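Residues per chain, in single letters:
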Amino acid sequence: MRKGFSDVQWHITDMVADEDKVAVKWNLTATHDGNFMDFKPTGKKISVCVMNFYYFNNDGKITKDVAAEGMIGILRGIGMIK
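Heads up: these notes are all about the structure in this document.

Quick notes on the overall build of the protein chain
- Looking only at helices and strands, one finds one helix and four strands in the protein chain.
- Listed N to C, the secondary structure of the protein chain is β-β-β-β-α in terms of helices and strands.
- Along the three orthogonal principal directions, the C-alpha set of the protein chain runs to about 45 × 20 × 20 Å.
- Burial statistics for the protein chain: of 82 residues in total, 27% are counted as buried.
- In the protein chain, the share of contacts with a sequence separation of at least 24, taken over all contacts with a separation of at least 6, comes to 44%.
- Within the structure as shown, the protein chain displays about 5700 Å² of accessible surface, and the carbon and sulfur contribution to it stands at 52%.
- The centroid of the 11 positive side-chain charges in the protein chain is displaced by 11 Å from the centroid of its 10 negative side-chain charges.

Considerations on unusual backbone geometry
- Phi is positive for M37, close to 50 degrees, though the residue is something other than glycine.
- Looking at the secondary structure, you find M37 in the loop between strand 2 (21-31) and strand 3 (45-56).
- Residue D38 is not a glycine yet carries a positive backbone phi of 70 degrees.
- For D38, the position within the fold is in the loop between strand 2 and strand 3.
- Since its relative accessible area comes to 77%, D38 is described here as exposed.

Conventions adopted
Residues numbered from 1 in each chain as written. Predicted model: local features only at pLDDT ≥ 70, side-chain atom pairs only at ≥ 80, totals over all residues. Heavy atoms only, no water. Helix = DSSP H or I, 4+ residues; strand = E, 2+ residues; numbered from the N terminus. Buried < 20%, exposed > 50% of the residue type's maximum accessible area, 1.4 Å probe, protein only. Contact = heavy atoms within 4.5 Å. Areas by Shrake-Rupley, 256 points an atom, 1.4 Å probe, with all protein chains shown as cover. Lys, Arg positive; Asp, Glu negative; His and termini not counted. Charge placed at Lys NZ, Arg CZ, Asp CG, Glu CD.

Structure below.
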C-alpha cells in the first residue's frame with residue numbers, strides 16, 4: 001500500500017465490538033504516487049470507505065483479520081475501473 005500511496009492515512013470513523021470480534025469502519029485517504037498492483041502512478045487523490053473485522057482469542061490477540069471489499073473503491077478512485 002505504501003509503495004503505491006506514500007501518504008496513505010487510515011481514520012477510524014466507527015467501531016462496534018462483540019464478545020470476540022470488532023468491526024471497524026475506516027476512511028482511507030491517499031494520493032496514487034507510486035506503482036500499485038502494476039498500475040502506474042496517476043497522481044489522483046482518493047478517499048475510500050473500508051471495513052475490517054477483527055477476531056480475538058481468549059488472550060486478547062487478533063487471530064483473524066477479514067477485510068471487506070475496499071479494493072473496488074481504490075481501483076475506481078485511481079481510474080482503473082468504472
